[in-house]
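Given next are the chains, with one letter for each unit.
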Amino acid sequence: MSAEPINLDSWRELPAAQQPDWPDRAALDRVVSELRELPPLVFAGECDELKDRLAAVARGEAFVLQGGDCAETFAGATADNVRNKLKTLLQMAIVLTYAGRVPIVKIGRVAGQFAKPRSKPTEVRDGVELPAYRGDMVNGFDFTPEARNPDPGRLIRAYHSSAVTLNLARAFTKGGYADLRQVHAWNQDFVAESPAGRRYEQLAREIDQALAFMRACRADPEEFHTVEFYSSHEALILDYDHAMTRIDSRTGLPYDVSAHMVWIGERTRQLDGAHVEFFSRIRNPIGVKLGPTTTPEDALALIDRLNPANEAGRLTFIARMGASRVREALPPLVEKVRASGAQIAWICDPMHGNTFEAPSGHKTRRLDDVIDEVTGFFEVHHALGSHPGGIHIEFTGDDVTECVGGGHPIVEEDLALRYETACDPRLNRGQSLDLAFRVAELYRSS
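The following paragraphs examine the structure supplied in this document. Since this is a predicted model, take the numbers as computed values, not measurements.

**A closer look at the state of the cysteines**
Tallied over the full model, the rule gives zero disulfides. Between Cys70, a free cysteine, and Cys423, which holds the nearest cysteine sulfur, the sulfur-to-sulfur gap is 4.0 Å. The class for Cys423 is buried, based on a relative accessible area of 9%.

See the structure below:
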């Protein structure tokens, strides 16, 4: 047991970036009190299990596939939506496991990714200024005063939507849907018209042959029938994640039981800020996004604050540099961190540094830029003798037209056809598989 109680309220004394301007503090207090009484969404032992898996990544023995929606919506917590996202993640993991020949730690950006940082606190349309949409956890997407008014009651809805999503994910991953013998079934709906689907189908046939050989040898491991799947989100709204923090009865230590892993974004990683302070108190595996302005001194200071015991699997750095910057901005960070002896898992977020606005006004990303940043990430780690530990992407299982490029190419003129994201553009299923095959090739050659 811990020697003395941990002060979980210390973050309140520090500046907290990107927090909503709640209009009714009494209502917020009532919601927080209700959240404190609700059951955990995950358990501390599961968080420790993920920490062990991430320790293997830090040692160079495994690879992380972390992905999901840019911003989840309450309306998206349906069986079809969850299954489609999970299907895409599982297909990517199959490609990386079989073609990359490496164990994959599967982490969803799901069951809690309901809040988004914004570059501006307000949005102006036709001379009307309203609060920016900060995700369904805070306010509504519709551009009306009623929808955009921050509503603490949405924190409760976020909890219940997260519970629904986690229950569905657990059912799919433990109830037979994730059985390796399903690799063909996951692909039937798009193999004919998709180059990525056809390539995946060929890989599925090879897996079938390997499974048939193992069955002939009377080998049928449990790992072939279920999948370890973990949840994660950016712990942006501190009132929510603080309210979802519980003391583990086994150890007396605090865990944020809203997700297995939580991360700090590029906009909220200030060393003297509330987010870093709060994260320093919880025992989950945690991540920090590092953009191109990060200095080696910043990285080392974050390690000192967030992982002073140098516990493998505790801290993951998620680099989001941009394709044009990764090869110059990442090496000094990796070099200094390695020289310090810190046990860090490095993951590449190739999405957030590569966003641009198309002539139509849609925010988009080029798949070529995404792949180029991942390639640069691998090149840096290969040159320095360190381990490229994973990728962190925004994708959907739906056939959207939000990013351009891919084997079945989407051009900028196509963006309006199915542009459905609540915030940033996501890779569709075919583009996600294109990326997975490329990452597998990079991993095998690194």
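Right, picking up where we left off after that structure.
**Considering the side chain of His233**
With respect to the helices and strands, the residue His233 is situated in strand S5 (residues 230-234). His233 gets classed as buried once you look at its relative accessible area, which sits at 0%. Filtering out sequence-adjacent residues up to four positions away, His233 remains in contact with Ala111, Gly112, Gln113, Asp241, Ser258, Ala259, Met261, Val262 and Trp263.

**Notes on unusual backbone geometry**
Not every positive phi belongs to a glycine, and Asp126 is a case in point at roughly 50 degrees. Structurally, the position occupied by Asp126 is in the loop between strand S3 (122-125) and strand S4 (128-131). The backbone of Arg218 sits at a positive phi, close to 65 degrees, despite the residue not being glycine. Summarising the element assignment, Arg218 is placed in the loop between helix H6 (195-216) and S5. With a relative accessible area of 80%, Arg218 lands in the exposed category.

**A few points about the packing of helix H3 (residues 79-100) against helix H12 (residues 429-445)**
A pair of packed helices is captured by two measures, namely the crossing angle of their axes and the spacing between those axes. Contact pair H3 / H12: the axes reach a minimum separation of 9 Å and the direction vectors enclose 20 degrees. Regarding the angle of H3 to H12, the classification is roughly parallel. You can see that H3 and H12 cross each other, and the crossing is right-handed. Across the interface between the two elements, Lys87, Thr88, Gln91, Met92, Val95, Leu96, Ala99 and Gly100 of H3 pack against Arg429, Ser432, Leu433, Ala436, Phe437, Val439, Ala440, Tyr443 and Arg444 of H12. Looking at the contact of H3 with H12, its residues break down into 10 nonpolar, four polar and three charged.

**Details of the packing of aromatic side chains**
Across all of its chains, the model carries nine aromatic pairs by this definition. Their ring planes at 55 degrees and their centres at 5.3 Å tell us that Phe172 and Tyr177 sit as a pair that is tilted. Look at Phe172 and you get buried, because its relative accessible area is 15%. Ring pairing ties together the aromatic residues Phe63, Phe377, Phe378 and Tyr443, which thus form one cluster. Residue placement shows Arg366 over the ring face of Phe356; its charged tip is 4.0 Å from the ring centre.

**Observations regarding the pairing of strand S8 (residues 261-264)**
On S8, burial covers both faces: Met261 and Trp263 on one face and Val262 and Ile264 on the other are all buried. As paired strands, S5 and S8 are joined by three bridges and run parallel to one another. In the strand pairing of S8, His233 is matched with Val262. Of the strand pairs in this sheet, S8 and strand S9 (residues 286-290) are connected by three bridges, and their pairing is parallel. By the bridge assignment, Trp263 is partnered in S9 with Gly287.

The rules we used
Residues numbered from 1 in each chain as written. Predicted model: local features only at pLDDT ≥ 70, side-chain atom pairs only at ≥ 80, totals over all residues. Heavy atoms only, no water. Disulfide = S-S within 2.5 Å. Buried < 20%, exposed > 50% of the residue type's maximum accessible area, 1.4 Å probe, protein only. Helix = DSSP H or I, 4+ residues; strand = E, 2+ residues; numbered from the N terminus. Contact = heavy atoms within 4.5 Å. Axes fitted to C-alpha atoms, helices over the stretch in contact; angles between N-to-C directions. Parallel < 35°, antiparallel > 145°, perpendicular 65-115°, else oblique. Left-handed = near helix turned anticlockwise from the far one by under 90°. Nonpolar A, V, L, I, M, F, W, Y, C, P; charged D, E, K, R; others polar. Phe/Tyr/Trp six-rings, centres within 6.5 Å; stacked < 30°, edge-to-face > 60°. Lys NZ or Arg CZ within 6 Å of the ring centre and 35° of its normal. Pairing = 2+ DSSP bridges.

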